[in-house]
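# Structural characterization, general
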Amino acid sequence: MSQRSPNKRTLTSSDGDRYSKETRSHVEDTGSSTQGHDASVGAYDEEHAEHYTKYPNRWSRIREHIREPAAEFFGVMILIIFGNGVDCQTVLSKNTAVASAPLGDYLSLNFGWAVGTALGVWVSSGISGGHINPAVTIAFATFRDFPWRKVPGYIFAQTMGGLCGAGIIYANYIHAIDLVEGGRHIRTVPGTASLFSTYALPYMTSVSCFFDEFLGTAVLLIVVCAVSDARNGPPPPGLVPLVLFIMILGIGAALGMQTGYAINPARDLGPRLLTAMVGYGSGVFTFRSQYWLWCPVIAPIIGALVGVFLYDAFFFTGAESLLNKPDAKARAHHARAANAERQRPIAGVENV
């Protein structure tokens, strides 16, 4: 027969009730302390959330809507400052009234435009994609997923960037232009107007001018598509402007003589508007039967479209290309597969 220990006693129902009450009380206290801690942390986060808002002031909210067009504006403006700047320095310095010796040659022009392109893209690429060219914007909106709603804003900003960049250079070299032209009231087309916009050489036919700009822009867009294709050995981050520098240098050295290699509607139209405003008159638009429209504007746009089409047709496999969108047969196959997936029984049901 067993004997009970004098220090032990059997738990009664009242002891059980008291124990359960104490346990519940401890759990409630622990929960309330945890909730209190969470509440204090929440209050701390709420208190400090004001300092980490996306829009710390009114200007930041405005900037959010204009930063992409602004990047395109400044990218083109930088392009034109270097491009028109090197044109003015190289050409105007050939006049002995301006400089005792020429300060540059044709290769200098190529380097200046290449530097302007590289730096313009460097400034804008991380914000707007670094198009700095309406032909690029239209081509990417047509064949890639660039939104059409952004196209008008981009093109307007690019053109105004060209106008302002040309205005800065005109103000900088106005005295040298006066010396070359023979006075402030004298402005000739093409003459010194060609320092800002492109004018074809006299022997070029209209078809030849168009093809020259078409060809240069098509090559430009094939290279742009290649450097932005993650599946085609793109350059390391930050080195895209260097590739574009080499490309513009090459296009200028190989294809630039006959039409001035505009290959960019904003690069030509913006400065052309500036020349019309500062005294060159309507001649900048009537030159060779509206040359300004069909050669440096329409030809680059068509060349860009063909360049992207060729690259996407033969090389690009990304889903964002218009040429890689599923056709009717693929969509029907996808619909059948999705329908079959929906009708498939839940795993294990057949074994129940």
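Residues numbered from 1 in each chain as written. Predicted model: local features only at pLDDT ≥ 70, side-chain atom pairs only at ≥ 80, totals over all residues. Heavy atoms only, no water.

## Some points on the overall build of the protein chain
To be explicit about the condition: Numbering goes from the N terminus for both helices and strands, where a helix is a DSSP run of H or I of at least four residues and a strand is a run of E of at least two. Three exposure classes are used, based on accessible area relative to the maximum for each residue type with a 1.4 Å probe and protein chains only: buried under 20%, partly exposed in between, and exposed over 50%. By definition, residues are in contact when any of their heavy atoms lie within 4.5 Å.
A tally of regular secondary structure across the protein chain gives 11 helices and zero strands. The order of helices and strands in the protein chain, counted from the N terminus, is α-α-α-α-α-α-α-α-α-α-α. Relative to its 352 residues, the protein chain shows a buried fraction of 38%. Excluding contacts between residues fewer than 6 apart, the proportion of contacts in the protein chain whose partners are at least 24 apart in sequence is 75%.

## Concerning the pattern of salt bridges
Stated precisely, the cut-off is as follows: Each salt bridge in this description consists of a side-chain nitrogen of Lys or Arg and a carboxyl oxygen of Asp or Glu lying within 4 Å of one another.
Going through the model one piece at a time under the given rule, you end up with seven salt bridges. Between lysine 54 and glutamate 64 there is a salt bridge, with its nearest N and O atoms 3.9 Å apart. Within this pair, whereas lysine 54 is found in the loop between α1 (13-49) and α2 (58-92), its partner glutamate 64 is found in helix α2, the two being separated by 10 residues in sequence. On the basis of relative accessible area, lysine 54 is assigned to the exposed category, the value being 58%. Between aspartate 178 and arginine 184 there is a salt bridge, and its shortest N-O distance comes to 2.5 Å. Aspartate 178 sits in the buried class, given a relative accessible area of 12%. Residues joined by salt bridges that share partners form a network here, namely Asp178, Arg184 and Arg187.

## Some remarks on the nonpolar core
We count it as follows: Only buried residues count toward a nonpolar core. Its members are Ala, Val, Leu, Ile, Met, Phe, Trp, Tyr and Cys residues joined through side-chain atoms within 4.5 Å.
Grouped together as the largest cluster of nonpolar side chains are 64 residues, with contacts concentrated most on Phe140, Phe196, Leu220, Leu221 and Ile248. Setting aside residues up to four positions removed in sequence, leucine 220 forms contacts with Asn133, Met247, Ile248, Ile251 and Ile263.

## Details of the packing of aromatic side chains
Keep this limit in mind: Note on aromatic contacts: the rings of Phe and Tyr and the six-membered ring of Trp form a pair at centre separations within 6.5 Å, being stacked when their planes are under 30 degrees apart, edge-to-face when over 60 apart, and tilted otherwise. We call a charge positioned over a ring when the NZ of a Lys or the CZ of an Arg lies within 6 Å of the ring centre and within 35 degrees of the ring normal.
Under the counting rule described, the total for this entry stands at 11 aromatic pairs. Ring geometry for tyrosine 199 and phenylalanine 287: centres 5.0 Å apart, planes at 80°, overall edge-to-face. Here tyrosine 199, found in the loop between α5 (151-181) and α6 (206-227), pairs with phenylalanine 287, found in the loop between α9 (283-286) and α10 (291-314); they are 88 residues apart in sequence, far enough to count as distant. Using a relative accessible area of 17% as the deciding quantity, one classes phenylalanine 287 as buried. Site record: aromatic cluster; members linked through ring pairs are Tyr199, Phe287, Tyr291 and Trp294. The ring of phenylalanine 316 carries arginine 144 above its face, with NZ or CZ at 3.9 Å from the centroid. When the ring centre of tyrosine 199 is taken as reference, the NZ or CZ atom of arginine 272 above it lies at 4.7 Å.

## Notes on helix α8 (residues 265-280)
What counts here: What a helix should span is 1.5 Å times the count of its residues minus one. What qualifies as a polar contact is a pair of N or O atoms within 3.5 Å, subject to a donor-acceptor requirement within protein and to the restriction that residues adjacent in sequence count only when both atoms come from side chains.
Helix length check: α8, at 16 residues, gives a terminal C-alpha distance of 19 Å against a target of 22 Å (1.5 Å per residue), a shortfall beyond 12%. Buried within α8 we find Pro265, Ala266, Arg267, Asp268, Gly270, Pro271, Arg272, Leu274, Thr275 and Tyr280. Where the residues of α8 are buried, they touch α2, α3 (106-128), α4 (134-143), α5, α9 and α10. Looking at where α8 begins, the residue whose side-chain oxygen comes 3.0 Å from the main-chain nitrogen of alanine 266 is asparagine 264.

## Observations regarding a nonpolar patch on the surface
We count it as follows: Patches in this entry comprise residues that are over 30% relatively accessible and not in a salt bridge; like charges within 9 Å are linked, as are nonpolar side chains (Val, Leu, Ile, Met, Phe, Trp, Tyr) within 5 Å. Only the protein chains shown count as cover for residues, with accessible areas throughout obtained via the Shrake-Rupley method and a probe of 1.4 Å.
A surface patch of nonpolar side chains, about 670 Å² in accessible area, is lined by Ile222, Phe309, Leu310, Phe314, Phe315, Leu322 and Leu323. The element best represented in the nonpolar patch is α10, accounting for three residues. Structurally, leucine 310 can be placed in helix α10. Using a relative accessible area of 34% as the deciding quantity, one classes leucine 310 as partly exposed.

## Quick look at unusual backbone geometry
Most of the time, phi is negative for any residue but glycine, and the peptide bond is trans. Proline 190 follows valine 189 through a cis peptide bond whose omega is 0°. Although it is not a glycine, isoleucine 263 sits at a positive phi angle of roughly 40°. By secondary structure assignment, the location of isoleucine 263 is in the loop between α7 (240-255) and α8. For isoleucine 263, a relative accessible area of 5% corresponds to the buried category. The backbone phi angle of serine 289 is positive, close to 55°, even though this residue is not glycine. Structurally, serine 289 can be placed in the loop between α9 and α10. Take serine 289: its relative accessible area is 61%, and that puts it in the exposed class.

## A closer look at the environment of alanine 118
Note on placement: alanine 118 falls in helix α3. Expressed as a C-alpha distance, the spacing of alanine 118 and phenylalanine 245, which sit 127 residues apart in the sequence, is 5.2 Å.

## With respect to the packing of α4 against α6
Formally: Between N-to-C directions, angles span 0 to 180 degrees; the directions come from axes that are lines fitted to C-alpha atoms, helices contributing only their stretch in contact. For classification purposes, an angle smaller than 35 degrees is called roughly parallel, one larger than 145 roughly antiparallel, one from 65 to 115 roughly perpendicular, and anything else oblique. Two helices cross in a left-handed way if the nearer one is turned anticlockwise from the farther one by less than a right angle. They cross in a right-handed way if the turn is clockwise. Gly is placed with the polar residues, together with every amino acid not listed as nonpolar (Ala, Val, Leu, Ile, Met, Phe, Trp, Tyr, Cys and Pro) or charged (Asp, Glu, Lys and Arg).
Packing of α4 against α6 brings their axes to within 11 Å, and their N-to-C directions diverge by 60°. Relative to α6, the element α4 is oriented oblique. Between α4 and α6 lies a crossing of right-handed hand. Across from Ala135, Val136, Ala139 and Phe140 in α4, the residues of α6 making contact are Thr217, Leu221, Val224 and Cys225. Considering only residue class, the contact of α4 with α6 consists of seven nonpolar, one polar and no charged.

## Notes on α2
To be explicit about the condition: Consider a residue and the seven residues that end there alongside the seven that start there; fitting an axis to each set, the bend is the angle between those axes.
Maximal helix bending in α2 amounts to about 55°, located at isoleucine 66; proline proline 69 follows within four positions. In this structure asparagine 57 caps α2, since a side-chain oxygen of it lies 3.2 Å from the backbone nitrogen of tryptophan 59.

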